Amino acid sequence: MVSDRVSQQAQEDALQTLQHLGGKYAGEIRSEFTEALEAARGMATTFAVGKLNPVGSGGLQIGRDEVNSILLNVLKSYPDFNGTYSCWEPDAIDGQDFLFTGGQNGNNEQTGRFTPYWTRGADGKIAV
């Protein structure tokens, strides 16, 4: 009887310890996802303000250079992020995709469509 009770108590203690540990790790993971989601929402809001509202009425003048600057700075500010990106519909950023063919600075090589993807390599180097 003593052996059964000790065994049962040990199982209950182990289960409780695992539940606490699982809750701790779940909270840490949730925090990391929340941080990434909030950064993405912030960038999306900034880009939307730049495109939806005229400059004179509270909007921002936002173009390819500004978007790239935001993406780069967010990636630099969050060392745990692997990358940041933004994907614009054809001609949505400035109506001039045809001027940006060649694949430089996040522009599609064939169409000039603006789809920058900033990444951090294993060596920590950041590039678009």
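Above this note sits the structure.
What you see is a predicted model; the values in this text were computed from it and never measured.

Draft legend 1. Just the pattern of salt bridges, in detail. Applying the stated criterion across every chain yields a total of 4 salt bridges. For E28, the salt bridge identified is with K24, shortest N-O distance 3.9 Å. Remark: K24 and E28 occur in helix 1 (residues 2-52); sequence separation between them is 4 residues, near one turn of the helix. Taking relative accessible area as the criterion, E28 reaches 38% and is therefore assigned partly exposed. For D94, the salt bridge goes to R64, with nearest N and O atoms at 2.7 Å.

Draft legend 2. Here's a closer look at the nonpolar core. Counting residues in each nonpolar core, the largest one holds 13 residues, and the members touching the most others are F47, V67, L71 and W88. Looking at this core, the elements that each hand over two or more residues are helix 1 and helix 2 (64-77). Tallying contributions element by element places helix 2 first for this core, with 4 residues.

Draft legend 3. Inspection of helix 1 at higher detail. The first and last C-alpha atoms of helix 1 sit 72 Å apart over 51 residues, in line with the 75 Å expected at 1.5 Å per residue. Against the buried residues of helix 1 lie helix 2 and strand 1 (83-85).

Conventions used here
- Residues numbered from 1 in each chain as written.
- Predicted model: local features only at pLDDT ≥ 70, side-chain atom pairs only at ≥ 80, totals over all residues.
- Heavy atoms only, no water.
- Salt bridge = Lys/Arg side-chain N within 4 Å of Asp/Glu carboxyl O.
- Helix = DSSP H or I, 4+ residues; strand = E, 2+ residues; numbered from the N terminus.
- Buried < 20%, exposed > 50% of the residue type's maximum accessible area, 1.4 Å probe, protein only.
- Core = buried A, V, L, I, M, F, W, Y, C linked by side-chain atoms within 4.5 Å.
- Expected span 1.5 Å × (residues − 1).
- Contact = heavy atoms within 4.5 Å.

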